[in-house]
Amino acid sequence: MTTTLSNPAFEINFAQDQATIVLTGEWTLDHGRRLEGIMRQLPVSLGEVRKASLDLKRLDRLDTLGARVIEQISHRLGSDGVKVEMQDASERHLTLIGAVRHRNEPVVPPRRSRLVELLADVGQTVVHAGQDLVRGISFIGEVVVAIGRVMLRPASFRWASLVTQLELIAFRGAPIIILITFLVGCIVAQQGIFQLRRFGATAFVVDLVGIITLRELALLLCAIMVAGRSGSAFTAEIGSMKMREEIDALRVMGLNPVDVLVVPRILALIIAMPILSFLASMAGLFGAGLVSWIYGGIAPETFLSRLQSVINYRHFSVGLIKAPFMAVVIGAIACIEGLNVKGSAESLGQQVTASVVKSIFMVIVLDGLFAMFFASIRF
Amino acid sequence: MDASPQADQDLIIKVRDLVVAFGEKTILDGLSLDVRRGEILGFVGGSGTGKSVLTRAILGLVEKQGGTISVFGTDLDSVSEAGKRDLEKRWGVMFQHGALFSSLTVAQNIQVPMREYLDLSPTMMNDLAALKIEMVGLRPDAGDKFPSELSGGMIKRAALARALALDPEIVFLDEPTSGLDPIGAADFDELIRTLQQTLGLTVFMVTHDLDSLASSCDRIAALADKKVVAVGELKDMLASTHPWVKSYFRGKRALARMKG
Ligand SMILES: Nc1ncnc2c1ncn2[C@@H]1O[C@H](COP(=O)(O)OP(=O)(O)OP(=O)(O)O)[C@@H](O)[C@H]1O
Ligand SMILES: [Mg+2]
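Note on numbering: residues in each chain are counted from 1, in written sequence order. Whichever chain is written first is A, and whichever ligand is written first is 1; the rest continue in order. Restriction of local features to residues with pLDDT of at least 70 applies here, the model being predicted, together with a cutoff of 80 or more for giving and counting side-chain atom pairs; totals for whole chains, interfaces and linings are based on all residues. By convention in this description, side-chain values take in all heavy atoms of the structure and omit both hydrogens and water.

Novice: How do you make sense of the overall build of chain A when you look at a structure like this?
Specialist: Runs of E in the DSSP output that reach at least two residues are strands. Runs of H or I that reach at least four are helices, and both are numbered from the N terminus. Counting its secondary structure elements, chain A contains 12 helices and five strands. C-alpha atoms define the radius of gyration, and 2.2 Å times the number of residues to the power 0.38 defines the globule rule. Here the C-alpha atoms of chain A give a radius of gyration of 36 Å, more than 25% beyond the 21 Å that 2.2 N^0.38 yields for 379 residues. Contacts spanning at least 24 positions in sequence make up 81% of the contacts within chain A whose residues lie at least 6 apart. The Shrake-Rupley method, run with a 1.4 Å probe, gives the accessible areas here. Residue values count only the displayed protein chains as cover. Taken as a whole, chain A presents about 20,500 Å² of accessible surface, with 64% of it coming from carbon and sulfur. The criterion used for residue contact is that any of the two residues' heavy atoms lie within 4.5 Å.

Novice: Would you mind going over the overall build of chain B with me for this structure?
Specialist: From N to C terminus, chain B includes 10 helices and 10 strands. Over its C-alpha atoms chain B spans a radius of gyration of 18 Å, differing by no more than 12% from the 18 Å that the globule rule assigns to 260 residues. Taken along its principal axes, the extent of the C-alpha atoms in chain B is 55 × 50 × 35 Å. Residue burial in chain B is summarised as follows: out of 260 residues, 53% are buried. Restricting to contacts in chain B with at least 6 residues of sequence separation, those with at least 24 account for 66%. For chain B, the exposed surface amounts to about 11,500 Å²; the carbon and sulfur share of it is 51%. Charged residues are defined here as Lys and Arg on the positive side and Asp and Glu on the negative side; His and the ends of the chain fall outside this count. To locate a charge, take atom NZ for lysine, CZ for arginine, CG for aspartate or CD for glutamate. Separation of charge centres in chain B, based on 30 positive and 35 negative side chains, amounts to 5 Å. Here's how the labels work: a residue is buried when its accessible area is under 20% of the maximum for its type, exposed when over 50%, partly exposed in between, all with a 1.4 Å probe on protein chains only.

Novice: I keep staring at the interface of chain A and chain B and nothing clicks. Help me out?
Specialist: By a widespread convention, an interface's size corresponds to the accessible area lost as its parts come together. Contacts between the two partners involve 26 residues from chain A and, on the opposite side, 26 residues from chain B. Note on chain A versus chain B: buried area summed over both sides is about 2,300 Å², and carbon and sulfur give 59% of it. When the buried surface of chain A facing chain B is broken down by residue, A:Leu29, A:Arg33 and A:Thr64 rank first, second and third, together holding 24% of it. Salt bridge, as used here: a side-chain nitrogen of Lys or Arg that lies within 4 Å of a carboxyl oxygen of Asp or Glu. Our count for the contact surface shared by chain A and chain B stands at three salt bridges. Measuring nitrogen to oxygen at the nearest pair gives 2.6 Å for the salt bridge that ties B:Asp127 to A:Arg68. In protein, a polar contact means a hydrogen-donor-capable atom and an acceptor-capable atom, both N or O and within 3.5 Å, with residues adjacent in sequence counting only if both atoms are side-chain atoms; elsewhere, any N or O pair within 3.5 Å suffices. Seen at the junction of chain A and chain B, the total is eight residue pairs in polar contact (both at pLDDT 80 or more). A class-by-class count of the residues in the side of chain A that touches chain B yields 10 nonpolar, seven polar and nine charged. A quick way to say it: buried area is the sum, across both parts, of accessible area lost when two parts are put together, with a 1.4 Å probe. In this count, Pro and Cys sit with the nonpolar residues alongside Ala, Val, Leu, Ile, Met, Phe, Trp and Tyr, while Asp, Glu, Lys and Arg are called charged and the others, Gly among them, polar.

Novice: Before we go on, may I ask you to explain the side chain of A:Asp63 in this structure?
Specialist: Residue and element names in this part refer to chain A. Structurally, the position occupied by Asp63 is in the loop between strand E4 (59–62) and helix H2 (64–79). Put simply, Asp63 is tucked away with no salt bridge, and the nearest opposite charge, on Arg61, sits 5.8 Å away. Among the polar contacts made by the side chain of Asp63, one reaches the main-chain amide nitrogen of Leu29 at a distance of 2.9 Å. Separated by 3.1 Å, the side chain of Asp63 and the backbone nitrogen of Leu65 make a polar contact.

Novice: How do you make sense of the coordination of the magnesium ion (ligand 2) when you look at a structure like this?
Specialist: Water is absent from the atoms considered, so a metal site may look incomplete; donors are defined as N, O and S atoms within 2.8 Å of the metal, or 3.2 Å for Na, K and Ca. The coordination sphere of the magnesium ion (ligand 2) contains the protein donors B:Ser52 (OG) and B:Gln96 (OE1), at a distance range of 2.0 to 2.4 Å. Of this pair, B:Ser52 sits in helix H1 (residues 51–58) while B:Gln96 sits in the loop between strand E6 (91–94) and helix H3 (106–117), and the two are 44 residues apart along the sequence.

Novice: Help me out: how do you make sense of unusual backbone geometry in this one?
Specialist: Excluding glycine, most residues fall at negative phi; most peptide bonds, likewise, are trans. At A:Asp88, a position not held by glycine, the phi torsion is positive, near 55°. Assignment of secondary structure puts A:Asp88 in the loop between strand E5 (83–87) and helix H3 (91–99). Under the relative-accessibility criterion, A:Asp88 is labelled partly exposed at 46%. Even without being glycine, B:Ala99 reaches a positive phi, approximately 55°.

Novice: Help me out: how do you make sense of the sheet that holds strand E2 (residues 25–36) of chain B in this one?
Specialist: Remark on secondary structure: sheet strands pair via backbone hydrogen bonds, oriented parallel or antiparallel. Residue and element names in this part refer to chain B. At least two bridges found by DSSP between two strands are what make those strands a pair. Ordered by their spatial adjacency, four strands build an open sheet running E2-E1-E4-E5, and the pairing between neighbours is antiparallel. Each of the sheet's edge strands pairs with one partner strand only, and the pair in question is E2 and strand E5 (74–75). Two elements, strand E4 (residues 66–71) and E5, share two bridges in a ladder whose sense is antiparallel. Following the sheet pairing, Val71 is matched in E5 by Thr74.

Novice: It is not clear to me how the packing of helix H1 (residues 32–45) of chain A against H2(A) should be interpreted in this structure. Could you clarify?
Specialist: Angle between the axes and distance between the axes: these two values describe a pair of packed helices. All names here are of chain A. Axes here refer to lines fitted to C-alpha atoms; in helices the fit is confined to the stretch in contact. Angles between the N-to-C directions go from 0 to 180 degrees. Where H1 contacts H2, the axes come no closer than 9 Å and their chain directions differ by 15°. Comparing their axes, H2 and H1 come out roughly parallel. Where H1 crosses over H2, the handedness of that crossing is right-handed. Where H1 abuts H2, its residues Gly32, Leu35, Ile38, Met39, Arg40, Leu42 and Pro43 lie against Leu65, Gly66, Val69, Gln72, Ile73, Arg76 and Leu77. Partitioned by chemical class, the residues of the contact of H1 with H2 number nine nonpolar, three polar and two charged. By definition in this entry, angles of less than 35 degrees are roughly parallel, angles greater than 145 are roughly antiparallel, angles of 65 to 115 are roughly perpendicular, and the rest are oblique. Should the near helix be turned anticlockwise from the far one by less than a right angle, the crossing is left-handed, and should it be turned clockwise, the crossing is right-handed.

Novice: Just checking my understanding: could you explain the nonpolar core for this structure?
Specialist: If you look at soluble globular proteins, the nonpolar side chains tend to sit buried side by side. What we call a nonpolar core is a set of buried Ala, Val, Leu, Ile, Met, Phe, Trp, Tyr and Cys residues that are connected through their side-chain atoms within 4.5 Å. Core analysis: the largest hydrophobic core is formed by 79 residues, its most contacted members being A:Ile21, A:Leu23, A:Trp27, A:Leu46, A:Ile70 and B:Phe249. Among the elements that line this core, the one with the most residues is helix H4 (residues 122–135) of chain B, at seven residues. Counting 52 residues, the second-largest nonpolar core is a separate cluster that includes A:Ala174, A:Leu269, A:Met273 and A:Ala323.

Novice: Is there a simple way to think about the domain arrangement of chain A in this case?
Specialist: Where each domain starts and ends comes from a domain assignment, either automatic or drawn from a database. Domain assignment breaks chain A into domain 1 (9–104) and domain 2 (120–376). For domain 1 of chain A and domain 2 of chain A, the distance between their C-alpha centroids amounts to 69 Å.

Novice: Got a minute to help me understand the pattern of salt bridges in this structure?
Specialist: When their charged atoms lie close together, side chains carrying opposite charge are able to pair. All names here are of chain A. Within the structure shown, the criterion is met by 28 salt bridges over all chains. Residues Arg61 and Glu26 are paired through a salt bridge, measuring 3.4 Å at the closest nitrogen-oxygen approach. One end of the pair, Arg61, is in strand E4; the other, Glu26, is in strand E2 (residues 18–27), with 35 residues separating them in the sequence. Two residues, Glu216 and Lys322, come together in a salt bridge whose shortest N-O distance is 3.2 Å. Within this pair, whereas Glu216 is found in helix H7 (residues 205–243), its partner Lys322 is found in helix H11 (residues 313–339), the two being separated by 106 residues in sequence. Salt bridges linked by common partners bring Asp132, Arg135, Glu337 and Lys358 together as one network.

Novice: Just to check I follow, could you spell out the pairing of strand E3 (residues 51–55) of chain A for this structure?
Specialist: Each regular strand displays side chains that alternate between the two surfaces of the sheet. Residues and elements named next belong to chain A. Within E3, four of the five residues are buried, leaving the element largely enclosed by the surrounding structure. One ladder, built from five bridges, connects E2 with E3; its direction is parallel. Note that in E3 the partner of Thr20 across the bridge is Ser53. Looking down the strands as they point away from the viewer, one classifies a crossover as right-handed if the path from the first strand across the helix to the second runs clockwise. Note that the unit made of E2, H1 and E3 has a crossover that is right-handed. Of the pairings in the sheet, the one linking E3 to E5 comprises five bridges and is parallel in character. Residue pairing across strands places Lys51 opposite Lys83, the latter belonging to E5.

Novice: How should I be thinking about the site of ligand 1 in this particular structure?
Specialist: Residues and elements named next belong to chain B. Around ligand 1 sit 14 residues, and of these Gly48, Lys51, Ser52, Val53 and Gln96 come closest. Separating an oxygen atom of ligand 1 from a backbone N or O atom of Gly48 is a distance of 2.8 Å. In isolation ligand 1 offers 630 Å² of accessible surface; the protein chains occlude 61% of this area. Secondary-structure elements contributing two or more residues to the shell around ligand 1 are E2 and H1. Being near a molecule or strand, for a residue, comes down to having at least one heavy atom within 4 Å of it.

Novice: How do you make sense of the sheet that holds strand E3 (residues 40–45) of chain B when you look at a structure like this?
Specialist: All names here are of chain B. Across the sheet, which stays open at both edges, the six strands sit in the order E6-E7-E8-E3-E9-E10 with mixed pairing between neighbours. The sheet is open, and its two edges are formed by E6 and strand E10 (227–232), each paired on a single side. Averaged over all pairs of adjacent strands, the angle between their axes in this sheet comes to 15°, without regard to strand direction. Relative to strand E9 (residues 219–224), E3 is paired through five bridges, and the arrangement is parallel. Bridge assignment links Gly45 to a residue of E9, and that residue is Leu223. Contacts from helix H9 (residues 243–250) reach E3, E9 and E10, with the element oriented near 125° to E9.

Given below as structure tokens:
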């Protein structure tokens, strides 16, 4: 489409104290800036006249913007005490100009000073953090009650959902978690051997890797991966259901969203985490053993027999004991964040990010608390 | 189909022998339809017969398996990227469920196409957005609301305001009055009429609302059996012999409406 566009313009013909303003060209959205210029310029160039008539005869095209500009010009002239009338306007132009006349005054939002807003923001953040904690605890309480209900009436439990979640969390999550802990096991062993070699204590790498993998590393890596993989998925699933009023639909059908959506997910996490953590430990030890053999010259038989003498049942169980607690923290945070999603897509994104960040943070805090606890009971 | 010969430049949309299928399932099969400049065309058909699919096919949102579609005289198959952009500037679309951007306020939603295509100062853009908001009958404070804070009817109006942001030559409305109260629906019909008259708009409107069809549509097209089975004014619809058209326009509900 290559029609020649004729720019909007105006001519003013003065006669005594009266002016005729002839509007020409296309008064349309394509000439936005130019029209804005005209809107500012025209009333000024009129000078001292008391009466003006707007001639629309030579107007080529008019759309809402053009009509709005004409309306604004005549409004501004009117408030300067100039009598304005339209001349030779077609029926259509007149209705359009009439249609764009604002009937309502624009609303001006109240303004606050920067400092007050900053202080209010800080206060709000603190209050929100407090509320988060309270909500988290009461939510975990709610989940426990719901799990209690399930134990009393196992028939009403959504087993299918539990199995699906188990598949998604444990079965599909296992390969990547195994791969990552294998690699980290390799790296830790390599670094250990490299440093210990200087003291001629290469064999101690088995103690190092064995204890750190079983007690901390495998579980932490596993929890971080699960928070990133499954926690974010929980938040996104529950959040988009919240967005489309599906959660409300469940409520009005007499179904408790916690029973239907949250409990199966958290139970699945509680079952999956120890399993994943166990697999991760094994993968980590395998990686360490491999590197010790190839890089450190420790034969697999030596590695295993040393491992057997260093590691006892306690080191092994510390990792497994912590796993379900991590699962509850990840699951609860993910579900709370999901239920907190507001109507917009943006809010969904924010909650997913918050879910992952908060659960990784809480997992590490919790791990620290456990470390202190186990140290003080000498476990 | 329609006897009166139309000069091609008066046809804003020309669809010929359109075939659209999803996998094995054919939704539209050999559909032809014209939309003339300046008219309000009402498009009716049972639920799930493919009205939205046709709209989306014209807009280039779903692949077609056969046939031709030309909009403003340009064949959509042979149009360049730049040409496509030109087309998109000249049409406005109101989706069945609004499709407002949920992270933007109503006013910002309306300004999205303006920012993309126009050179305007922020003041003017705000002014225009406020104007469109008022033109579609929303209260001025609706401009600062997010879509999740709007009622169903308000969403429809906001979506219409966004469709009209660039003063398009044609607007596609997918069930604009569904979910509105009868008075609101009548207002909406009148609004579309007014806009059509003042802006010289062409309107392609999918609707189930008999009142809209009777009061505001210049022509009606009926979709059944994967084709347009009848086109014309209301009286042509009443005269049609196609069973679905007959039961739609001469069923109990329809007769009650027409009498009342
Ligand atoms: N993306 C898609 N993939 C597969 N099938 C689809 C898709 N979109 C639509 N359909 C099918 O095409 C058919 C027509 O759908 P369409 O949305 O056009 O109905 P409609 O006529 O607009 O109905 P309504 O009046 O309820 O809005 C339906 O059977 C639908 O299931
Ligand atoms: Mg539809």
